[in-house]
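One-letter residues, chain by chain:
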Amino acid sequence: MKHGEKLARTLVEDRVCACVNIIPKLTSIYHWKDEIVVDNEALLIMKTEETHTSALWEVVKKNHPYEVPEYVVLPIQWGSQDYLDWISQNVKSL
């Protein structure tokens, strides 16, 4: 199983995310240790509640193969109430 799939499964199994989308074959170009790196990566979009962002970060750090994994939080500006309720029902209570 690829790193992204393994991490996504762990996040959902641990109930810190209700759903993780994997966008494969993403090309990233970035500075790392005084060099420009071009890397093929996958982007994971993780759906959770705002109260779970710290717990989610801890699971990502523990399971991600990178020394400095990308982790940014984008707020949900709007969403269908049914979907937002589904997210709430599928993450564990803190």
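Residues numbered from 1 in each chain as written. Predicted model: local features only at pLDDT ≥ 70, side-chain atom pairs only at ≥ 80, totals over all residues. Heavy atoms only, no water.

A few words on helix 2 (residues 53–63). Those residues of helix 2 not exposed but buried are L56, V59 and V60. Burial along helix 2 is one-sided: seen end-on, the buried residues are contained in an arc of 100°. Exposed side chains of helix 2 directed beyond 90 degrees from the buried face belong to S54 and K62. Here the buried face of helix 2 lies against helix 1 (3–13) and strand 2 (35–47). (Buried < 20%, exposed > 50% of the residue type's maximum accessible area, 1.4 Å probe, protein only. Helix = DSSP H or I, 4+ residues; strand = E, 2+ residues; numbered from the N terminus. Arc of directions from axis to C-beta. Contact = heavy atoms within 4.5 Å.)

Next up on the list: the side chain of K47. As for its position among the elements, K47 is in strand 2. Excluding anything up to four places from it in sequence, K47 contacts C17, A18, C19, N21, Y83 and I87.

Going through the model one piece at a time under the given rule, you end up with 0 disulfides. With no disulfide of its own, C17 has C19 as its nearest cysteine by sulfur position, at a separation of 8.5 Å. (Disulfide = S-S within 2.5 Å.)

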